Amino acid sequence: MNETLPTPRSDEHYMKVALREALSAYDAGEVPVGAVVVRNGAIIGRGFNQRETLADPTAHAEMIAITAAASSVGNWRLSDCTLYVTLEPCTMCAGAIVLARLPRLVYGATDPKAGACDTLYHIPTDARLNHCVEVTGGVMGNDCGQVLTQFFAEQRAKGKK
């Protein structure tokens with residue numbers, strides 16, 4: 001589970017890893033969203049959407065990656081980690097990011113229908129909450145968005161989603 005990286009990496013590097021997770025979701029017939037949690041250059045949690053597979057509405061990539069990271073460090077507070085996710089988190093995931101005390105979120109594509117970090121809501125940066133998160137959006141946004149666009153085009157052609 002832990003992947004130690006020898007040198008500091010860029011946001012793009014970790015987003016590429018998250019994108020590989022999204023492709024795993026794609027291959028499983030799930031909405032292709034992937035996420036990784038990074039601590040001190042090591043990936044300590046990873047996940048991809050598994051709502052259909054697990055029949056669980058909470059099985060979003062971010063939730064799975066955060067749970068794996070917390071298990072890896074043995075603490076629910078991820079106060080020295082960064083979450084990378086290919087799609088702007090929804091309200092549930094944005095809330096979990098705040099509750100996990102993640103100091104930083106990096107996402108790829110914006111989500112005009114459910115984005116809760118910049119697009120529709122600003123949950124991670126809402127000063128009324130007990131924790132604020134630094135948010136960086138649009139990292140490899142075109143690449144991340146293209147995977148989603150292709151997935152949904154294929155689903156519509158099959159008469160699904």
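Up top is the structure.
Residues numbered from 1 in each chain as written. Predicted model: local features only at pLDDT ≥ 70, side-chain atom pairs only at ≥ 80, totals over all residues. Heavy atoms only, no water.

Draft legend 1. Highlighting the overall build of the protein chain. Helix and strand counts for the protein chain stand at 5 helices and 6 strands. Listing every helix and strand of the protein chain by position from the N terminus yields β-α-β-β-α-α-β-α-β-β-α. Against the 2.2 N^0.38 benchmark of 15 Å for 161 residues, the protein chain shows a C-alpha radius of gyration of 15 Å, consistent with a compact globule. Every one of the 161 residues in the protein chain was classed for burial, and the buried ones make up 49%. (Helix = DSSP H or I, 4+ residues; strand = E, 2+ residues; numbered from the N terminus. Rg over C-alpha atoms; globule rule 2.2 N^0.38 Å. Buried < 20%, exposed > 50% of the residue type's maximum accessible area, 1.4 Å probe, protein only.)

Draft legend 2. Region of the structure containing the pattern of salt bridges. Here the structure, examined in full by the defined rule, presents 5 salt bridges. Measuring nitrogen to oxygen at the nearest pair gives 2.9 Å for the salt bridge that ties Asp80 to Arg39. With Asp80 in the loop between α3 (61-73) and β4 (81-87) and Arg39 in strand β2 (residues 34-39), the pair connects residues that are 41 residues apart, well separated along the chain. Assessed through its relative accessible area of 35%, Asp80 is described here as partly exposed. The shortest N-O distance in the salt bridge between Glu134 and Arg104 comes to 3.4 Å. Of this pair, Glu134 sits in strand β6 (residues 134-136) while Arg104 sits in strand β5 (residues 104-109), and the two are 30 residues apart along the sequence. Take Glu134: its relative accessible area is 47%, and that puts it in the partly exposed class. For Arg104, a relative accessible area of 19% corresponds to the buried category. Overlapping salt bridges bring together Asp11, Arg104 and Glu134 as one network. (Salt bridge = Lys/Arg side-chain N within 4 Å of Asp/Glu carboxyl O.)

Draft legend 3. Looking closely at helix α5 (residues 141-157). Taking 1.5 Å of rise per residue, the 17 residues of α5 would be expected to cover 24 Å, and the 24 Å separating its terminal C-alpha atoms lies within 8% of that figure. Those residues of α5 that sit buried are Gly141, Cys144, Gly145, Val147, Leu148, Phe151 and Gln155. Along α5, the residues classed as buried sweep out an arc of 155° about the axis, all on the same side. Relative to its buried face, α5 has exposed residues pointing more than 90 degrees away, namely Asn142, Gln146, Thr149 and Ala157. Looking at the buried residues of α5, the elements they touch are α1 (11-27), β4 and β5. (Expected span 1.5 Å × (residues − 1). Arc of directions from axis to C-beta. Contact = heavy atoms within 4.5 Å.)

Draft legend 4. How the structure looks around α3. In this model, α3 (13 residues) spans 19 Å end to end at C-alpha, consistent with the 18 Å of a helix rising 1.5 Å per residue. Of the residues making up α3, those classed as buried are Ala61, Glu62, Ala65, Ile66, Ala68, Ala69 and Ala70. In the core, the buried residues of α3 are packed alongside β2, β3 (42-48), β4 and α4 (91-99). Gly74 sits one or two positions beyond α3 and adopts a positive phi of about 70°.

Draft legend 5. Main features of the nonpolar core. By size, the foremost hydrophobic cluster in this structure holds 45 residues, and its most contacted members are Met15, Ile66, Leu83, Leu102 and Leu105. Listing elements by their share of this core, those giving two or more residues are α1, β2, β3, α3, β4, α4, β5 and α5. For this core, the element with the highest residue contribution is α1, accounting for 7 residues. If we ignore the near neighbours within four places in the chain, the residues touching Ile66 are Val37, Leu78, Leu83, Ala96, Ile97, Ala100 and Leu102. (Core = buried A, V, L, I, M, F, W, Y, C linked by side-chain atoms within 4.5 Å.)

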